[in-house]
Structure formats: structure tokens, C-alpha cells
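# Structural description and commentary
Each chain is listed here by its residues.
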Amino acid sequence: MNKPAHSHDDDRPSKGEEVGAPSDSNYDDVLLEGHEYDGIREYDNPIPPWLSLIFVGTIIWSVFYVVAINLGYIDRYEERLENDQQEIAALRRKAQADQTKITNALLAKAADTTKRVESGQEIFTSNCAPCHGQKGGGGGKIGPNLTDKYWIHGGELTDIYNTVSNGIEGQMPAWKSQLGREKVVDVVAYVRSIQGTEPANAAEPEGAPYTPDDQGS
Ligand code: HEC
């Protein structure tokens, strides 16, 4: 693309060439009287149509804009800002709630809350019973007995919470993504509530015994 500096197919006149009138016959090329500065003169041509179109367009747009913004068809900056700030505040609250640490005390409190246990029972019946049995005894199903004191993955409340949350590779799905944190807490509360219930046809114990001593139950 290297053109010689003074190529003749360039629009600009080369050195020494006479400056000719524009070839466009739409223009009258009448010189504007009384307009001469340092030897520079101007033609009295109309501005090009595309430029007037943009000019008229901005005027029409301004009328539309003033009407539309006053009738509420266009969002105002303040409203959008307020909505977004509320959204951010909601996200912050949610993030904070998600960060409240799951502790044995928190889970023990949930296990003492009837509403939580009842909600947990519903969740258990529809999600867990197919593998752990209606009463959590596991007999005849693939899941282990959840009512005895033997645990493969730990019997502390936080252990149970982690097992249910994260699942067991190849054995049990992770429930946290499906149920969400609160419902996992509920179902753990329910599992705690069926400790020692000895349902009929329960599965043989698996894992190591766990005696809750510091959990007050
Ligand atoms: C697809 C079948 C299946 C479903 C559904 C299922 N589990 Fe399990 N779960 C298993 C199996 C299998 C194991 C034993 C894994 C092993 O042996 O390591 C297990 C283990 C567990 C354990 C650990 C037991 C221990 O001894 O440490 C807990 C607690 C548990 N499940 C709770 C639940 C809860 C609560 C649900 C419902 C939200 C649920 N499971 C749904 C199959 C399932």
C-alpha cells in the first residue's frame, strides 16, 4: 500500500498544480463575498444533505427524549442506581448468610427445632428414602443405616452435614447444589432426630461407633 508521496490519483493537488473547482455539479461554486482571510476564500455552497439530516435528527431525538424520559419510557439514572444498589445489598446479605459457619452447635440447635426436623423429614422422604429406607434404617437398600451409632464417614453433626453436602463419589450424589444449604441443615436435623430409633429390618452396622458426648443429645 505504499503510494508515492505526490501520486496523481490522490484527491489533493500536487505541488505547482492549479486548485480546480470541485467536480460535483450539485454545487454552484459562488464565492462568499466579504470572506477572505489570509487569501483563503469560501464557496457559498449548502451544507451536504447527510449533515443536515444528522442535524434535524438530533432535534427530533431531543424532543422524543424529553417526552419519553418524563413519561418514564426511559429509565432514569437514579432509579437504576437504586435498583442496582438494592440488588447488591441482597447479594451481600446472601453471601454473608452463606458464610455463617456450619458448626455442631448450629446443627444441634436445628435438630432441636421442630419445624426444621419436620421439613427435614419431608426432604428425606422424597430424596433419601429410596436409598436409605423410609425410616432411615437402610435395610434392603443400597444406603447404610442412618439410625445406629455406626458411621462410615463420621457421626459428628458437622461430619453428617459434610457427607450430605458433598456426597460420596460413586455412591451418593452431593446434595448441597440440589437442596441448598438450609435444606441440607434441615435434613441433617432429621437424621439426628432418628438416632437410636431402631427401625425394623435395619441394615447391619457399618463403620465405627460414634458416641455424641459434647453435643448435649
Ligand atoms: C443414590 C442413593 C442415595 C441417595 C438418594 C442418598 N444416599 Fe446417602 N448414602 C448412599 C450410600 C451408598 C452411602 C454409603 C457410602 C459409603 O459406603 O461410603 C450413603 C451414605 C450416607 C451418609 C453417611 C453414612 C455413614 O455411615 O457415614 C449419610 C449421612 C447419608 N448418606 C445421608 C443421606 C441423605 C440425608 C440423603 C438425602 C438428602 C441421602 N443420603 C440420599 C446412597 C444414597
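Before reading further, recall that the structure is shown in the block above.
Residues numbered from 1 in each chain as written. Predicted model: local features only at pLDDT ≥ 70, side-chain atom pairs only at ≥ 80, totals over all residues.

### Looking at the overall build of the chain
Going by this rule: Secondary structure is summarised from DSSP: a helix means a run of H or I of at least four residues, a strand means a run of E of at least two, and numbering begins at the N terminus for each. Any residue with 12 or fewer other C-beta atoms within 10 Å of its own C-beta is exposed, any with 20 or more is buried, and the rest are partly exposed; the C-beta atoms used are placed from the backbone. Each residue is represented by a C-beta atom placed from its backbone, and any two residues with such atoms within 7 Å are regarded as in contact.
Helices and strands together make up the secondary structure of the chain, namely 7 helices and 4 strands. When the helices and strands of the chain are placed in sequence order, the string is β-β-α-α-α-α-β-α-α-α-β. Out of the 217 residues belonging to the chain, those deemed buried represent 18%. Here the analysis covers contacts within the chain between residues at least 6 apart in sequence; of these, 63% occur between residues at least 24 apart.

### As for the site of the ligand
We count it as follows: All residues are tested the same way: a C-beta atom is placed from the backbone, and lying within 6 Å of a molecule or strand makes the residue near it. Polar here means any residue outside two lists: the nonpolar Ala, Val, Leu, Ile, Met, Phe, Trp, Tyr, Cys and Pro, and the charged Asp, Glu, Lys and Arg; Gly therefore counts as polar.
Taken together, 24 residues sit near the ligand, with Cys128, Cys131, Ile152, His153 and Met172 positioned nearest. Taken together, the elements giving at least two residues each to the shell around the ligand come down to helix 4 (114-132), helix 5 (157-166) and helix 7 (181-193). Top contributing element to the shell around the ligand by residue count: helix 4, with 6 residues. For the shell around the ligand, the residue count by class is 16 nonpolar, 7 polar and 1 charged.

### Notes on helix 4
Under the convention used in this document: To estimate how far a helix should reach, multiply one less than its number of residues by 1.5 Å. Fitting one axis to the seven residues ending at a residue and another to the seven starting there, the bend at that residue is the angle between the two axes.
The end-to-end C-alpha separation of helix 4 is 22 Å, well short of the 27 Å expected for 19 residues at 1.5 Å each. Bending of helix 4 peaks at approximately 50 degrees at the position of Thr125. Among all positions in helix 4, only Arg116, Val117, Gly120, Ile123, Phe124, Cys128 and His132 are buried. Positive phi appears at Gly133, one or two residues downstream of helix 4, with a value of about 85 degrees.

### Things to note about unusual backbone geometry
Backbone geometry places Glu198, a non-glycine residue, at a positive phi of 45 degrees. Relative to the helices and strands, Glu198 resides in the loop between helix 7 and strand 4 (208-209). Look at Glu198 and you get exposed, because 11 C-beta atoms sit within 10 Å.

### Structural notes on the environment of Leu179
Mapped onto the elements of the fold, Leu179 is located in helix 6 (residues 176-179). A sequence separation of 56 residues divides Leu179 from Ile123, and the C-alpha atoms of the two residues are 8.8 Å apart. Contact partners of Leu179, with chain neighbours within four places excluded, come to Ile123 and Val184.

### Points about the packing of helix 5 against helix 7
Note the cut-off: Interaxial angles span 0 to 180 degrees and are taken between N-to-C directions of axes, which are lines fitted to C-alpha atoms, for helices over the stretch in contact. Any angle that falls under 35 degrees is termed roughly parallel, while one over 145 is termed roughly antiparallel, one within 65 to 115 roughly perpendicular, and all others oblique. If you view the pair so one helix is near and one far, a crossing is left-handed when the near helix is turned anticlockwise from the far one by less than a right angle, and right-handed when it is turned clockwise.
For the pair helix 5 and helix 7, the least separation of the axes is 10 Å and the interaxial angle reads 130 degrees. The angle between helix 5 and helix 7 falls in the class oblique. In the packing of helix 5 onto helix 7, the handedness of the crossing is right-handed. Here Leu157, Ile160, Tyr161, Val164 and Ser165 of helix 5 lie close against helix 7, whose contacting residues are Val184, Val187, Val188, Val191 and Arg192.

### What about helix 2 (residues 77-99)?
In an α-helix there are 3.6 residues to a turn, and that puts residues three or four apart on one side. For helix 2, built from 23 residues, the straight-helix expectation of 33 Å at 1.5 Å per residue is met to within 8% by its first-to-last C-alpha distance of 33 Å. Along helix 2, only 0 of the 23 residues are buried, which leaves the element largely exposed.

### Structural notes on the pairing of strand 2 (residues 40-43)
Inclusion rule: Two strands pair under a simple rule: DSSP has to find at least two bridges between them.
Pairing analysis gives 3 bridges linking strand 1 (residues 31-37) to strand 2, with the strands arranged antiparallel. What sits directly across from Glu36, in strand 2, is Arg41. Linking strand 1 back to strand 2 in an antiparallel pair, the connection comprises 2 residues, with Asp38 at a positive phi of about 50 degrees.

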